Every structure is written in C-alpha cells, then in structure tokens.
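Chain by chain, the residues run as shown.
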Amino acid sequence: MRAEASTVAPVHRPETGEIVLRAQGLHRSFGLTRALRGIDLEVAAGEILAVMGPSGSGKSTLLHVLAGVIRPDQGQVELDGRRIDDLGEAARARLRLTEFGFVFQFGQLLPDLSARDNVTIPLLLAGVRRGNALVRADETLAELGLADHARKLPAQLSGGQAQRVAVARALVTEPRVLFADEPTGSLDSLAAEKVLLSLTERARQRRTTVVIITHDPRTAAYADREVVVRDGRLSGATV
Ligand SMILES: Nc1ncnc2c1ncn2[C@@H]1O[C@H](COP(=O)(O)OP(=O)(O)O)[C@@H](O)[C@H]1O
Ligand SMILES: [Mg+2]
C-alpha cells in the first residue's frame, strides 16, 4: 500500500486506452468542510470505473466536479483533452446535456410522465424532434428489457424497473460518460443486480465510459477498475 504521508498524490489511471476524463489536483470545500483534498484521476474511453468509499468521504462531490455540476476550488478537469472546469454555468449545463448522462439513487423520474416520455426528455432538451425522440426512447427501453413498461407511469413500476428507466434516460443521448451515484442504493439485492447488469451491458455494447459510485462491493465485479475515496483523497487499490 502507498504511504499516506506521500506529498505527491498518485495519479489513478487505467492501464491502457485513450483518456476521456482527466482530473488533476482537485480541491473543493464547503465552508470549513474540505470535501476534496487533492484528487488526480484518469478514466479511459469505454472504461467502467467503480468509486467506492465510506459515507461522507467525498464521492458525490468528486462526481459533481468531474461532471461539471460544480466547479473545483483548485485543480482542473478535462473531457477529451478540453478543460471543462473553467466553463461558465450555461456552457457546463449544455455539456451535461450533450456529453453526460446521470443516474441517481432515487431515479428522479417525473411522476406524471410515462416511462417513454421520461426517456424522451433529454432528447427534447437537446433539440431532437418529438417523433424521433419517441422512437429512440422506445429502442432504448427495449434494449433494457422494458418494452412492455414503456407506457406505464413511474408509480406503476417496481423500484428496479424505475431505475432501469432512469438508466435508459441517461443512455438515450449516447453520452460520452455516464455518471451514476449509488444507482442501486434504494433497491433489494436482486433488483440491484439486474440494474447493474443492464447498465454495464448497455455501456459495454455502446463503449460508453461509466463512473459509478457504490457502497456495494459486488459492483466492483461489474467494473474494470475500482478506486477508493477516503477523506477527500483517492487511496487503496486501483485494481
Ligand atoms: N452542498 C454541500 N454543502 C455543505 N457540505 C457539503 C455539501 N456537499 C457535500 N458536503 C460535505 O462534504 C463532505 C463530502 O460529501 P459527499 O461528497 O456528499 O460524500 P459521499 O458522497 O462520499 O457521501 C461531507 O462532509 C458533506 O457533508
Ligand atoms: Mg454521496
């Protein structure tokens, strides 16, 4: 194991492959809370990276900084070699819409819209015409085994089905990177397994890069590599 006292933070990087995301020297505080304390991380194209670590260690903050949801206080983030951390609010919002997909612990589907209408939303926001958006939504739902549920409202779906709709919504725009923050945290283990399997299978077929935060050690089995966040730093195995 690496010495904790090391002054130069190790760069956590994949063994091979074109780098999609590169973070260097990330620091981010909330008042007196130092959520990120110097993080260097690289993620390769098509890689599925699991981010583990205890509650409060800085995982969600790291994901938000990598995805341009919030800006770091120090350090930088590059997507395909272009800096994104210094972009303004509107440019980062656009980037999140066109380059990134998001899945959260509680799917955050709109309750009054059917599954397929939920999945069309990111396409409509990106300017795709409704007819095309519906076709693509139906295709993506079918790929996730949800063809029979496309017209149901979120309340008519099981927790696992709703999370798979959320995965469909995140993938429908064919994002460069899919970010998932504890996407199975609210599910029983069987449903969780199914969501993870469909997420990772679809991502591998499309060569979508995935950054997935999880408490579940089994998630690592679906990932190519695992990093651990502790007290705002990356530590431990990079297997
Ligand atoms: N918006 C915020 N305002 C204040 N403190 C925050 C905010 N977001 C995160 N924190 C704090 O930063 C630390 C890291 O939080 P977080 O990144 O959410 O951890 P994790 O996702 O690993 O549970 C925690 O101490 C948390 O309370
Ligand atoms: Mg979190």
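For the structure, see preceding data.
Residues numbered from 1 in each chain as written. Chains lettered and ligands numbered in written order. Predicted model: local features only at pLDDT ≥ 70, side-chain atom pairs only at ≥ 80, totals over all residues. Heavy atoms only, no water.

This next bit is on the pattern of salt bridges. The full count for this structure, using the stated rule, is 16 salt bridges. Its salt-bridge partner being Glu78, residue Arg22 comes within 3.3 Å of it at the nearest N-O pair. In this pair, Arg22 sits in strand β1 (residues 19-30) while Glu78 sits in strand β4 (residues 74-79), placing the two residues 56 residues apart along the sequence. On the basis of relative accessibility, which here comes to 26%, the residue Arg22 falls in the partly exposed class. As a salt-bridge pair, Arg130 and Asp117 come within 3.7 Å of each other at their nearest N and O atoms. Taken together, the residues span a long stretch of sequence, with Arg130 in helix α4 (residues 130-143) and Asp117 in helix α3 (residues 115-125) at a distance of 13 residues. The exposure class of Arg130 is partly exposed, given its relative accessible area of 47%. The network of salt bridges with common partners includes Glu143, Glu174, Arg202 and Arg206. (Salt bridge = Lys/Arg side-chain N within 4 Å of Asp/Glu carboxyl O. Helix = DSSP H or I, 4+ residues; strand = E, 2+ residues; numbered from the N terminus. Buried < 20%, exposed > 50% of the residue type's maximum accessible area, 1.4 Å probe, protein only.)

With that out of the way, let us pick up the packing of aromatic side chains. For the coordinates displayed, the defined rule picks out four aromatic pairs. The interplanar angle of 85° and the centroid separation of 5.1 Å between the aromatic rings of Phe100 and Phe179 together place this pair among those described as edge-to-face. Pair noted here: Phe100 is in strand β6 (residues 100-103) and Phe179 is in strand β7 (residues 177-181), with a separation of 79 residues, a long-range link. The class for Phe100 is buried, based on a relative accessible area of 3%. What makes Phe179 buried here is its relative accessible area of 1%. Ring centres 6.2 Å apart and planes at 5° place the aromatic pair Phe102 and Phe104 in the stacked group. (Phe/Tyr/Trp six-rings, centres within 6.5 Å; stacked < 30°, edge-to-face > 60°.)

Attention now goes to the site of ligand 1. Close contacts around ligand 1 come from Phe30, Thr33, Ala35, Pro54, Ser55, Gly56, Ser57, Gly58, Lys59, Ser60 and Thr61, and that covers them all. Within the backbone of Gly56, an N or O atom sits 2.7 Å from an oxygen atom of ligand 1. Contacts to ligand 1 include Gly58, whose backbone N or O atom sits 3.1 Å from an oxygen atom. Where the shell around ligand 1 is concerned, the elements lending two or more residues are β2 (33-44) and α1 (59-66). Considering only residue class, the shell around ligand 1 consists of three nonpolar, seven polar and one charged. (Near = heavy atom within 4 Å. Polar contact = N/O pair within 3.5 Å; in protein donor to acceptor, adjacent residues only side chain to side chain. Nonpolar A, V, L, I, M, F, W, Y, C, P; charged D, E, K, R; others polar.)

Any link to function would need more than the numbers given here.
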